[in-house]
Every structure is written in C-alpha cells, then in structure tokens.
Protein chains: 6
Amino acid sequence: MKISARNSLKGKVKEVTPGAVNAEIVIEIVPGVEVTSIITKSSFEKLGVEVGKEVYAVVKATDVLIGIE
Amino acid sequence: MKISARNSLKGKVKEVTPGAVNAEIVIEIVPGVEVTSIITKSSFEKLGVEVGKEVYAVVKATDVLIGIE
Amino acid sequence: MKISARNSLKGKVKEVTPGAVNAEIVIEIVPGVEVTSIITKSSFEKLGVEVGKEVYAVVKATDVLIGIE
Amino acid sequence: MKISARNSLKGKVKEVTPGAVNAEIVIEIVPGVEVTSIITKSSFEKLGVEVGKEVYAVVKATDVLIGIE
Amino acid sequence: MKISARNSLKGKVKEVTPGAVNAEIVIEIVPGVEVTSIITKSSFEKLGVEVGKEVYAVVKATDVLIGIE
Amino acid sequence: MKISARNSLKGKVKEVTPGAVNAEIVIEIVPGVEVTSIITKSSFEKLGVEVGKEVYAVVKATDVLIGIE
C-alpha cells in the first residue's frame, strides 16, 4: 500500500523495547542516523517487528518540526 | 531549549518551497537521506529558514509509524 | 506496505477538492459513512487520487478522540 | 461543544480494553465498520466510556492519511 | 459534546486571519496568555469563529511537548 | 534551540505522575491556567522534569482544535 505520508525512510530495526502498552523501536536508517518510533503493543505484534528486519519510518511532513540553534 | 520529542535529526536545508500558507522544507540529514517538513509560513519567516542552514528535524516518537513490505 | 496505524478503513473516493496547498478528499466507507482527509497537494498528485478510486483512510488509534454527548 | 475536527463518526462502543496507562476502545460505526481509539486512562474514566454507549470517533482531517494499493 | 482531549482552555478569540486554505485564530486565555490555532477554512466557517467569541482551545496531552532551557 | 511550533507557553511544573511507560506533567502557566502534557518516560528522565521547574508547553498550532458551546 502506497501511503500519503511524505517521509518514508527505509532502515533496519536496531533495537526493540516491548512494554506493557507500547513498543519502542529504534530504526537505523544509515550508520549514525537513527529514528525512534513508539507504536502500540498490538500493532507491534501484528507487524512482527524484530531486530534486523527491514522497515520504513513513515512520518507526515506536518509532523516534522524544525529546530534551529 | 531542549525538547521532549525523541527524534532530533541534525541536517542542512537542501530545498525550500514557500507557499501562501505553508512552507515546504527538505532537509538533508546525510547524503541520500532526506526529511521533508511542512511548517506555517509565519514560523518559516520567524525562524529564518534558508538553503544551506543547519537545522534539526524534530519528530515525536509517537508520530513515527512503522511500515513493512 | 503494511503500516502500524491501527485504523485502515477501505472506501471509495466520493469527492476531491484540490487546492493550492492541500487537497481535501471525502471517502465513502459505506453509504452514509464518510471520512474526510486533507493531504498535501504533492502527495495527492503522487498517489493519483481521483473520484471512484478505492483507497484506505489510515488513522492512528491515538489520533482518534472520543466525544460523548 | 461543537469541535473543529472535521470527522465526527457516531457509533457504539463495542469493546473496551482498559490498561495501566491507556484505554483501547473499539467503536462500531455501522456493522462491519469499526474504529479503534486509544485515550489516556484518566480521560477514559472521566468520560465514563462503557460497552453499548453511544460515542463519536473524532478525527482531524489532517490526521487521516490516504493509502492506495 | 464532552471530548477525551485532556486540555480544554477557555478563552476569547482575539485575532482571526482567514486564508485560502486555513484560518489562523489567536485565543486569549487570560491577559498575557495566548494560544494560536490553525484549522481548515471550512471548519472555521462551520463554527462561525469571530473576534470576541468565547471558545475552547482543545489539545490532547500527547500533543503537548515539553521544552526546557 | 528555537522551534517552529507556534505555541510555547512558559510555566512551572505543578504536578508529575511518572508511570511505567509515560509521564503525566501538569504545568501551571499562570494561577488558574494549567496545561497537561504526556511524554514518554525516557524523555521525562532525559529532561529532568520535576515539580517547581520552569518549562515550556510546546504545541503546534495545527494540533490546537477549537471548541464552541
């Protein structure tokens, strides 16, 4: 399924921290560039997310804030 | 200001498309890895975003969906 | 691509209102049940959304508020 | 209170899974069309959500992504 | 309608900037405390928002980030 | 770091409820005006949020809904 979210960053699951309610997933896009996602436990189980698996970090452009130092 | 959003990806502004209402900003994190942000025109002007400037793409972990092929 | 968002409602595009910045899309899930989406103009064009097309309204469970009268 | 979110789907609570932190609520809009919401435990208790109760699934149009196969 | 969002700040519309696509609304909660909302033009018209009107700024607790200097 | 979110309300942490997964933080903007935020436990610990500390409640304008009675 193609999705309307503008950002779809391909990477590999580096770390997974399943919790009682949510699961925290660290995705390595390229060495040194990581994105952390938090999804519900049931979505985590449904998708079968595990370390080493190829996934996409999908983010709407309007959910990306800009920070400037 | 440190912010509670989990993802804060440092990069350089590669492309800017200011519009009547919003501005679209493409940030190059590293060569080949880009993130697109859409912020309001007034935030865009207030922050002084321009091509070549160093910025952070700030995203809450709960706003990162996981996609699997 | 399977996606971690919990809600993926299948329906048909009933109405499309493309604008300068965004596009407004009304999806008929079943007769009498409609969902309105607003996506960026470029995502709209990239996906080739048009009236009559079968699409999914994809919504994270945490983006669904509950209202009670 | 009328609210600016564009989608306000009327339905009946079909299933409730209260957790330590959040509560998961499945709303049947019409037979065969369900929407899942996750709200905080305190909001869940404050609103008195229970199976069989009439509720609205309230979603901003900008939080509805479009998926196309 | 009672809504599950945790924050519902009562205030008065101080400023309105209707645009082609969205409308920008500044709400004065108390003197010196203002909240800016951006909603779609059609929601703006449907609700009949105008300067001086009493409104609520409704925000989910998970949409409130914390910043620390 | 300046951030593109439109709302940045300065206040003091009044109450903190750390949980297994998330932490709930009540911020007093001015006496009688409070904002509740929910952030992940790890962000909570990383920022060192505690009662009495000066913080900002940061909210995107597009995440502020309007309610009218």
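Look up: the structure comes first, before these words.
Residues numbered from 1 in each chain as written. Chains lettered and ligands numbered in written order. Predicted model: local features only at pLDDT ≥ 70, side-chain atom pairs only at ≥ 80, totals over all residues. Heavy atoms only, no water.

Participant: Even after reading the chapter, I still don't get the overall build of chain A, so can you show me in this structure?
Facilitator: For chain A, the count of helices and strands is one helix and six strands. Helices and strands in chain A line up, N terminus first, as β-β-β-β-α-β-β. Structurally, chain A occupies a C-alpha span of about 35 × 25 × 25 Å along its principal axes. Each of the 69 residues in chain A was classed as buried or not, and the buried ones make up 55%. A total accessible area of about 2,800 Å² is found for chain A, and carbon and sulfur atoms account for 50% of it. Here chain A contributes 9 positive and 9 negative side-chain charges, whose respective centroids are spaced 10 Å apart. (Helix = DSSP H or I, 4+ residues; strand = E, 2+ residues; numbered from the N terminus. Buried < 20%, exposed > 50% of the residue type's maximum accessible area, 1.4 Å probe, protein only. Areas by Shrake-Rupley, 256 points an atom, 1.4 Å probe, with all protein chains shown as cover. Lys, Arg positive; Asp, Glu negative; His and termini not counted. Charge placed at Lys NZ, Arg CZ, Asp CG, Glu CD.)

Participant: How do you make sense of the sheet that holds strand β1 (residues 2-3) of chain B when you look at a structure like this?
Facilitator: Backbone hydrogen bonds hold the strands of a sheet together, and the pairing may be parallel or antiparallel. Within the open sheet, the six strands sit side by side as β1(B)-β6(E)-β5(F)-β2(F)-β3(F)-β4(F). Their pairing is antiparallel. Looking along the sheet, the strands with just one partner apiece sit at the ends: β1 of chain B together with β4 (33-40) of chain F. Inspection of the sheet shows strand β2 (residues 7-18) of chain F paired to strand β5 (residues 54-59) of chain F by six bridges, in the antiparallel sense. Within the sheet, the bridge partner assigned to N7(F) lies in β5(F) and is V59(F). (Pairing = 2+ DSSP bridges.)

Participant: Even after reading the chapter, I still don't get the sheet that holds strand β5 (residues 54-59) of chain A, so can you show me in this structure?
Facilitator: The strand order across the open sheet formed by six strands is β4(A)-β3(A)-β2(A)-β5(A)-β6(B)-β1(C), and the pairing between neighbours is antiparallel. Each edge of the sheet is formed by a strand with only one pairing partner; in this case those strands are β4 (33-40) of chain A together with β1 (2-3) of chain C. Note that β5(A) and strand β6 (residues 65-68) of chain B share three bridges and pair antiparallel. By the bridge assignment, Y56(A) is partnered in β6(B) with G67(B).

Participant: Just to check I follow, could you spell out the relation of the copies chain B and chain C for this structure?
Facilitator: Each of the two chain copies can be generated from the other by rotation about an axis followed by a shift along it. The operation relating chain B to chain C is a screw motion whose rotation component is 120 degrees, with 0.0 Å of axial translation and a residual RMSD of 0.0 Å. Overall, the copies show the geometry of a three-fold rotation axis. It is V21(B) whose C-alpha, among those of chain B, lies nearest the rotation axis, at 4.2 Å. Of the interface residues in chain B, just 9% have counterparts in chain C that sit at the interface too, so the contact is made through distinct surfaces. (Least-squares fit on C-alpha atoms with pLDDT ≥ 70 in both. Contact = heavy atoms within 4.5 Å.)

Participant: I would appreciate a short explanation of the relation of the copies chain B and chain A in the present structure.
Facilitator: When chain B is fitted onto chain A, the two copies agree to an RMSD of 0.0 Å after a turn of 180 degrees and an axial shift of 0.0 Å. Each copy turns onto its partner about a two-fold axis. Within chain B, D63(B) has its C-alpha nearest the rotation axis, a separation of 3.3 Å. Mapped onto chain A, 100% of the interface residues of chain B are again interface residues, and the two copies thus contact each other with one and the same surface.

Participant: What is the right way to look at the pattern of salt bridges in this model?
Facilitator: A pair can form between side chains of opposite charge whenever their charged atoms are brought close. One pass over the full model with this rule turns up 30 salt bridges over all chains. The closest approach of N and O atoms between K60(A) and D63(D), which form a salt bridge, is 3.1 Å. Linking K60(A) in the loop between β5 and β6 (65-68) with D63(D) in the loop between β5 (54-59) and β6 (65-68), this pair reaches from one chain into another. Taken as a pair, K60(A) and D63(D) share a single burial class, namely buried. As a salt-bridge pair, K14(E) and E34(E) come within 2.3 Å of each other at their nearest N and O atoms. (Salt bridge = Lys/Arg side-chain N within 4 Å of Asp/Glu carboxyl O.)

Participant: I keep staring at the interface of chain B and chain A and nothing clicks. Help me out?
Facilitator: The figure often quoted for interface size is the accessible area lost as the parts come together. Contacts between the two partners involve 33 residues from chain B, matched on the other side by 33 residues from chain A. Interface area for chain B against chain A, summed over the two sides, is near 3,000 Å², with a carbon-plus-sulfur share of 64%. Counting across the chain B and chain A interface gives two salt bridges. For R6(A), the salt bridge identified is with E24(B), shortest N-O distance 2.6 Å. Taken together, chain B and chain A are joined by 14 residue pairs in polar contact (both at pLDDT 80 or more). Only β2 (7-18), β3 (22-30), β4 (33-40), β5 (54-59) and β6 of chain B provide two or more residues apiece to the side of chain B that touches chain A. Tallying contributions element by element places β4(B) first for the side of chain B that touches chain A, with seven residues. Here the side of chain B that touches chain A is composed, by residue class, of 21 nonpolar, five polar and seven charged. (Buried area = accessible area lost by both parts, 1.4 Å probe. Polar contact = N/O pair within 3.5 Å; in protein donor to acceptor, adjacent residues only side chain to side chain. Nonpolar A, V, L, I, M, F, W, Y, C, P; charged D, E, K, R; others polar.)

Participant: Explain the interface of chain B and chain C to me, please; I cannot follow it from the model alone.
Facilitator: Facing eleven residues of chain B, the contacting portion of chain C comprises nine residues. Note on chain B versus chain C: buried area summed over both sides is about 810 Å², and carbon and sulfur give 60% of it. Taken as a group, L65(B), I66(B) and I68(B) account for 46% of the area that chain B buries against chain C, more than any other trio of residues on that side. For the pair chain B and chain C, the number of links is one salt bridge. Taken together, the links from chain B to chain C amount to four residue pairs in polar contact (both at pLDDT 80 or more).

Participant: Can you walk me through the side chain of R6(C) in this structure?
Facilitator: Considering the arrangement of structural elements, one finds R6(C) in the loop between β1 and β2 (7-18). Once residues lying within four places of it in the same chain are set aside, the contact partners of R6(C) are T40(A), S42(A), S43(A), V59(C), K60(C), A61(C), E24(D), T36(D) and I38(D).

Participant: Sorry, what's going on with the pairing of strand β4 (residues 33-40) of chain E here?
Facilitator: Across a regular strand the side chains alternate sides, sitting on one face of the sheet and then on the other. With seven of eight residues buried, β4(E) lies mostly within the body of the structure. A loop of two residues connects strand β3 (residues 22-30) of chain E with β4(E), the two strands running antiparallel in sequence, and G32(E) in this loop sits at a positive phi of about 95 degrees.

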